[in-house]
Each structure stands twice: as structure tokens, then as C-alpha cells.
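# Coordinate inspection notes
Spelled out from the first residue to the last, the chains are:
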Amino acid sequence: MPGTTERWLKKGLRKFMDKGYKILEHPADVRMRALGETKEKLFINAAKGMMEILQSKIQTPPSKYQRNIRVKSVDLNALLVDFLSEVLYLIQTNKEIYDKIKFEEFTDNELEARLFGNKIESFGEDIKGVTHHDLKIEQKNGLYEATILFDI
Amino acid sequence: MQKDDFKKINDYIWEIRKRGKMNVPARIYVSEKMLNEVLKDRSVEQLINTATLPGIVSYSMAMPDIHEGYGFPIGGVAAMDVEKGIISPGGVGYDINCGMKLLRSELSEKDILPYLEKLATEMQKEVPSGLGRGRQIKLSIDALNEILKGGAEKLVEQGYGEEEDIKNCESNGCIEQADASVVSEHAKNRGRDQAGTLGSGNHFLEIQKVDEIFNENTAQKFGLFKNQVLVMIHTGSRGLGHQIATDYIQLMMRAMSKYNVSLPDRELACVPFKSSEGQRYFKAMSAGANYAWANRQMIAHYIRKAWKEVLGEKIKLSAVYDVAHNIAKIEKYEVNGKEAEVVVHRKGATRAFVGQPVLIPGSMGTASYVLVGTEKGKESWYSTCHGAGRTMSRNAAARSLSGQEIINNLKAKGILVKCYSMRGIAEEAPQAYKNIDEVVDVVHQAGLSQKVARLVPLAVIKGE
């Protein structure tokens with residue numbers, strides 16, 4: 001039926017835009033594409049996507065926790081990997097998931113952020129590491145975009 | 001990349017000649033049929049990138065279970081000259097000393113079948129995934145430092161095993177250059193509550209039986225007989241090792257410009273082995289490897305406990321061997337007629353010294369193998385394959401069959417599955433992997449190691 005594929009594609013794209021990330025296929029690991037109108041939003045969406053991969057179960061009743069991080073890197077691409085690695089470290093050692101991230105400072109090679117979240121009961125998946133593989137933050141049609149490979 | 005780009009050396013070796021920035025040629029141990037599969041992903045490109053690394057000796061090599069990774073391909077083997085060469089965390093992988101441990105009982109399949117369900121349940125209870133459920137032991141930093149320095153031996157001293165376990169373990173379960181002071185607080189914090197845990201993904205415990213013996217003499221030497229019941233453990237250094245890799249990739253990325261190293265892929269991040277950063281990584285990686293040997297040792301201890309609960313105090317599980325498949329080691333070889341030390345990076349490749357038991361796990365529900373290292377293995381720095389190698393993404397695998405369908409299929413074959421997560425099972429579907437029999441046939445035919453026994457699962461216990 002003409003138009004169906006187009007509608008389906010538009011629906012998929014809308015969902016991608018709404019969530020800000022999409023989990024992609026990879027033969028051995030997990031790849032994710034993240035989007036954002038600003039670099040900060042791209043970083044936040046990438047962190048949200050990473051947390052979805054972990055399939056965590058939030059403890060009830062929820063209890064709010066706050067963590068602060070500071071990351072310094074060689075450039076913007078490395079900053080994204082180092083930021084996600086630091087968030088992953090906090091998630092795994094504190095058994096928490098963060099639903100709000102606020103940047104206090106953000107440059108192309110340094111950031112400071114506050115993370116707000118909840119304790120979790122368990123994770124359904126483990127992420128071993130956030131890799132630099134093929135990572136290039138690019139601006140396309142007014143949006144920042146990056147594809148990140150996680151070692152699972 | 002096409003088949004025409006390769007020179008066929010023999011039925012099981014295919015070579016890409018040195019070109020561009022390659023310092024050495026690249027070689028893949030693979031059958032012609034499997035080569036067509038290999039060409040479907042970017043693993044060959046990654047193998048060529050590995051050949052450009054400074055100080056690489058002879059060839060950049062890949063085993064038949066090669067598949068696309070990041071930086072080095074999975075299944076990659078590369079030896080670097082210790083004086084002129086580099087060391088790269090990307091040549092080891094995030095799961096430092098991911099590897100296999102095999103325990104043997106004196107029982108046959110018929111003795112164990114009435115107790116199988118109970119044994120699997122008890123093992124699942126005793127060996128948590130470490131992702132939330134189960135036993136929570138939090139080691140003090142001092143106790144953790146001792147494990148990082150002393151490896152599996154430290155645990156045996158503390159009563160978590162027997163002297164025989166250490167003898168039957170690569171490097172006796174400890175790399176002596178390990179230094180806990182170059183392992184970050186972050187890494188230590190990730191490791192404190194994960195000793196004795198399995199993790200997720202393709203990590204597993206299996207109760208297996210010896211299905212076929214190919215080499216009676218060697219099988220006897222390894223203590224193996226037909227229908228014998230064994231336990232196989234597949235896991236690594238957990239969050240501690242993952243964090244060491246993350247920390248040192250970050251550090252090397254900053255340090256590389258100092259050493260004029262330019263790379264086609266950032267995940268190949270490396271520094272000269274003899275540089276201060278290179279030495280620090282080697283010491284930290286060795287500490288991570290020691291933690292992994294200790295982790296598998298502690299798991300073996302709790303499996304023994306589970307077996308005693310079910311079958312009584314007299315039941316004995318002896319170690320056949322324990323071997324890493326993600327590691328960098330300093331080894332001595334004859335290079336250009338002279339004895340030389342090289343740093344052998346094995347990323348998804350198993351050490352196979354002459355006469356050593358080599359443990360190759362299959363995918364969930366399929367066969368695993370015990371091989372033995374051979375003299376001919378010298379050509380691949382005494383390395384062989386490490387498993388089946390994935391061909392399908394986790395999502396594609398989960399879409400193709402449900403977890404329940406897989407459990408039913410395995411049950412029909414008489415295999416019991418214990419896993420908290422149905423998706424975890426679906427992601428590890430056997431059809432998502434290469435055929436293990438074909439992979440092992442290549443290393444056997446190429447002479448890198450010889451088949452000793454084929455093992456099939458009776459029960460599979462997975463993390464998540």
C-alpha cells in the first residue's frame with residue numbers, strides 16, 4: 001500500500017526523536033545512536049539509552065539520591081565516553097539509576113554534572129565498558145548525533 | 001574486502017600481504033567456507049589495523065572464531081617485541097582474563113541424572129550473577145589488594161580450594177608482576193562485592209558429560225573418561241577488570257601523542273610496553289587477571305559446596321585446568337633465530353602450550369571441547385580459538401526464538417536450563433553462534449592444538 005512504509009518510517013523516526021536514542025544491531029555487542037538539539041542533550045540522551053540497556057528494576061518505594069561528577073578528557077568524543085563510563089561506574093557501584101542529569105559546567109573537554117536517581121533492586125544486563133569504537137559526534141540537520149558501542 | 005584479497009597458504013591459513021601502513025602481513029586460520037562468513041563483518045579490517053601497530057612480530061593473526069570487536073577483532077592474536085613494541089588494552093578487551101575452568105567428578109552420567117535438577121538449583125543459589133541477587137560479600141580494600149597481588153593462590157591459602165587447583169591453572173593462577181597500587185579506587189570499588197559472581201551475557205556454569213574421546217592417552221592424562229560428569233565455568237574479572245580497561249584506555253589516549261603513535265581506531269590505544277604508562281597498564285592488567293583467577297576459584301569453591309549439599313561430603317570435584325582467553329602475557333620465543341621476549345595479546349584466543357589442556361566452550365546448549373596444545377602451535381604463539389564466535393546480534397537472536405522456545409528445545413535434548421532472565425536465554429540462542437564443531441576442526445586440522453574430548457551439556461546455569 002503506497003504511503004504505508006513512509007508512515008511507518010516517520011513513526012519510527014518520531015519515536016527515535018522523542019526518546020533521543022535508539023538501540024541498534026551489532027553481532028557481538030550493543031550499539032546505540034543518540035541525538036540531541038545541543039551537545040548537553042546528546043550526552044543526556046546517551047546516558048538514558050545506556051540505562052535502558054541495563055534493564056534495571058527500581059526499588060519501591062523510590063528513594064532519591066544525588067551524585068556529583070567531574071570529567072576531563074582530550075576532546076568532545078572522548079568526553080562522551082568518559083562521561084558515560086563515570087555514570088556507569090556510579091550506577092554499578094551504588095546500584096542506582098539516574099532519571100535527571102543537570103550540567104553545572106560543560107565545555108568540549110570538561111564537564112561537571114549532578115545526577116539524581118533511585119536505588120535499584122537488580123540489573124538485567126551488564127555493560128563491561130563504553131568503547132571509543134567509531135565514535136564521532138556530528139551535527140546533522142541541526143541535531144548532534146553519535147553512535148556508541150558498548151562492550152556487553 | 002574480498003576473497004581475492006587473500007592468498008591461500010593452505011586449506012586452513014589465508015593471508016593478506018603487507019601493504020599500506022601494515023608492519024607485518026595478516027593471517028586468518030579458517031576454512032574456505034568459513035572465510036565467506038568472516039568477510040561479512042569488519043573483523044578483517046580490524047585485523048589489518050592490528051598489523052599496523054608498532055613492534056608487532058611475524059603476523060597479526062586471527063583464529064577461526066574471529067568476529068568484529070573494537071580495536072582488535074575478537075579471536076585476534078598479536079605478539080609485540082618488548083623492546084620496540086607496544087601494549088594495548090584493546091588487545092586484551094574489557095573483560096581481562098575472561099576464561100574457562102573445568103572441574104571433573106569421578107561420576108558417570110547415570111549416577112548423576114536423578115540429582116541433576118537439585119544440583120543445578122543448588123549451584124544457581126550458590127553462585128550469584130552479581131547483578132543484584134544472591135550472596136553479597138563485600139571485601140575490605142586490604143583483602144582485595146591481597147587477591148590482586150596473589151590471585152587464586154591467595155584464596156587457596158584462605159581455604160577456598162586445594163593446592164591441585166593452583167597446579168592445574170595457567171600461570172598457577174597468578175601473574176607475579178601484578179601491582180594493586182596501580183589499580184584505581186574506582187576499579188577496586190567495582191570489584192569489592194563481585195568475587196565469586198558469574199556476570200551476565202555469555203558467561204555460564206554447565207554440568208557436562210564427556211560425549212566422545214578423540215585421544216585416549218591424553219584424555220587419561222587429563223583424568224577424563226567417556227560419560228564422565230564435569231563442571232565448566234566461564235567468567236572473568238567482572239567490573240574490576242572492566243574498570244581497569246576503561247581507566248587505561250583513557251590514560252593511553254592522553255599519553256599517545258607523547259610517543260607519536262597514530263592509529264586508525266581509537267580502541268587500539270596503546271603506548272610502548274617499556275614506557276611508564278605501558279608498565280603501569282601491564283601491572284594493573286596482571287592484577288585484574290589475578291582477580292579473575294580468584295573469581296573462578298571462589299566459584300569452584302561454592303560449586304563444590306553445592307555438590308556436597310546434594311551428594312554428600314565424599315563427593316570430589318578436581319580441577320582439570322583453568323585458562324584465560326583475554327590477556328596479554330610476556331613469553332619467550334625464538335624470533336629471527338634469537339631468543340626474544342614478546343608481549344602476546346590474546347583477545348578471544350586461548351593459550352595452548354605443548355601438553356596443556358585447552359578449554360573451548362560452545363554456545364549455550366551445544367558441545368564444548370578439551371584440546372591439547374602442540375609443538376606446531378608455536379606458529380600462532382601457542383594460541384588457539386576460544387569459542388564459537390557470534391554471528392547474530394543479541395536483538396536478532398531474541399527476535400528469532402523466545403527464551404521459552406529455547407528452553408523447550410534444550411529440554412527435548414535432555415538439557416536443563418536455569419536462568420532468571422528469559423531474554424538472557426533468548427540472546428544466547430545457539431543459532432546466534434558459529435558451529436563450534438567447525439571452529440574446533442580448523443584448529444585441529446591446522447595443528448594449533450589437537451582434539452582430546454567433546455563435552456555436551458546436561459544442565460546450563462546462566463547469570464541473567
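Described below are features of the structure shown in this document.

## Side note on the overall build of chain A
- In terms of regular secondary structure, chain A is built from three helices and nine strands.
- Start at the N end of chain A and walk to the C end: the helices and strands fall as α-β-β-α-β-β-α-β-β-β-β-β.
- Against the compact-globule benchmark of 15 Å for 152 residues, chain A has a radius of gyration of 16 Å, which places it among compact chains.
- Each of the three principal axes of chain A carries a C-alpha extent, and together these read 50 × 35 × 30 Å.
- The 152 residues of chain A split such that 55% are buried.

## Regarding the overall build of chain B
- If you tally the helices and strands in chain B, you get 14 helices and 19 strands.
- Along the first, second and third principal axes, the C-alpha atoms of chain B reach 60 × 50 × 45 Å.
- Among the 464 residues that make up chain B, the fraction classed as buried is 65%.
- Sequence separation of 24 or more characterises 77% of the internal contacts of chain B that already satisfy a separation of 6 or more.

## Points about the pattern of salt bridges
- Overall, the coordinates contain 48 salt bridges over all chains when judged by the stated rule.
- For Arg104 of chain B, the salt bridge goes to Glu106 of chain B, with nearest N and O atoms at 3.0 Å.
- Between Lys154 of chain B and Glu146 of chain B there is a salt bridge, with its nearest N and O atoms 3.7 Å apart.
- The exposure class assigned to Glu146 of chain B is partly exposed, which follows from its relative accessible area of 37%.
- Within this structure, Arg33, Lys136, Glu138, Lys140 and Glu145 of chain A form a network of salt bridges that share partners.

## Observations regarding the interface of chain B and chain A
- If you look at the interface, chain B gives 41 residues, while chain A gives 40 residues.
- Roughly 3300 Å² is buried in total at the junction of chain B and chain A, and carbon and sulfur atoms are behind 45% of that figure.
- For the pair chain B and chain A, the number of links is five salt bridges.
- Residue Asp134 of chain A pairs with Arg42 of chain B through a salt bridge whose shortest N-O separation is 2.6 Å.
- Counting across the chain B and chain A interface gives 15 residue pairs in polar contact (both at pLDDT 80 or more).
- When contributions to the side of chain B that touches chain A are tallied by element, the ones reaching two or more residues are strand 4 (56–70), helix 7 (185–191), helix 9 (238–255), helix 11 (394–400) and helix 13 (422–427) of chain B.
- Of the residues forming the side of chain B that touches chain A, the biggest block, eight residues, is contributed by helix 9 of chain B.

## Overview of helix 14 (residues 436–446) of chain B
Residue and element names in this part refer to chain B.
- Among all positions in helix 14, only Ile436, Val439, Val440, Val442, Val443 and Ala446 are buried. One face of helix 14 carries all of its buried residues, which in axial projection span an arc of 150°.
- Between the side-chain oxygen at the start of helix 14 and the backbone nitrogen of Asp437 there is a gap of 2.8 Å, and the oxygen is on Asn435.
- Just beyond helix 14, the residue with positive phi is Gly447, at close to 85°.

## Overview of helix 9 of chain B
- For helix 9 of chain B, spanning 18 residues, the distance from its first C-alpha to its last is 26 Å, which sits close to the expected 26 Å at 1.5 Å a residue.
- Helix 9 of chain B sits mainly inside the fold: 14 of its 18 residues count as buried.

## So, the nonpolar core
- Residues Ile303, Trp307 and Trp381 of chain B are the most contacted members of the largest nonpolar core, which totals 134 residues.
- No other element matches the 17 residues that helix 10 (residues 276–311) of chain B contributes to this core.
- Residue contacts for Trp381 of chain B: discarding those within four places in its chain leaves Val57, Ser58, Met61, Val77, Ala79, Glu331, Tyr333, Val335, Val342, Val344 and Arg346 of chain B.
- In terms of nonpolar packing, the next biggest core, distinct from the first, is built from 45 residues, Val30, Leu80, Phe83 and Phe150 of chain A among them.

## A few points about the sheet that holds strand 2 (residues 13–16) of chain B
All names here are of chain B.
- Read from one edge to the other, the open sheet built from seven strands follows the order 1-2-3-4-5-13-12, with strand pairing classed as mixed. In the strand order of this sheet, the two ends are held by strand 1 (7–10) and strand 12 (326–335), each with one partner. Adjacent strand axes in the sheet meet at a mean angle of 25°, parallel and antiparallel pairs treated alike.
- Sheet analysis places strand 12 next to strand 13 (residues 338–347), joined by ten bridges and oriented antiparallel. The residue bridging Ile330 from the neighbouring strand is Val343, located in strand 13.
- Contacts from helix 2 (residues 43–50) reach strand 2, strand 3 (26–29), strand 4 and strand 5 (72–81), with the element oriented near 155° to strand 4.

## Focus: the pairing of strand 19 (residues 449–462) of chain B
Residues and elements named next belong to chain B.
- Burial within strand 19 is extensive, with 13 of its 14 residues counted as buried.
- In the sheet, strand 8 (residues 204–213) pairs with strand 19 via nine bridges, with the strands oriented antiparallel. If you follow Phe204 over to strand 19, its bridge partner there is Lys462.
- In this sheet, strand 19 lies alongside strand 18 (residues 416–418) in parallel orientation, the contact comprising three bridges. Looking at strand 19, one finds that Val417 is bridged to Val460.

## As for the environment of Gln445 of chain B
- Note on placement: Gln445 of chain B falls in helix 14.
- Between the C-alpha atom of Gln445 of chain B and that of Ile213 of chain B, which follows or precedes it by 232 residues, the distance is 17 Å.

How each quantity is defined
- Residues numbered from 1 in each chain as written.
- Chains lettered and ligands numbered in written order.
- Predicted model: local features only at pLDDT ≥ 70, side-chain atom pairs only at ≥ 80, totals over all residues.
- Heavy atoms only, no water.
- Helix = DSSP H or I, 4+ residues; strand = E, 2+ residues; numbered from the N terminus.
- Rg over C-alpha atoms; globule rule 2.2 N^0.38 Å.
- Buried < 20%, exposed > 50% of the residue type's maximum accessible area, 1.4 Å probe, protein only.
- Contact = heavy atoms within 4.5 Å.
- Salt bridge = Lys/Arg side-chain N within 4 Å of Asp/Glu carboxyl O.
- Buried area = accessible area lost by both parts, 1.4 Å probe.
- Polar contact = N/O pair within 3.5 Å; in protein donor to acceptor, adjacent residues only side chain to side chain.
- Arc of directions from axis to C-beta.
- Expected span 1.5 Å × (residues − 1).
- Core = buried A, V, L, I, M, F, W, Y, C linked by side-chain atoms within 4.5 Å.
- Pairing = 2+ DSSP bridges.
- Axes fitted to C-alpha atoms, helices over the stretch in contact; angles between N-to-C directions.

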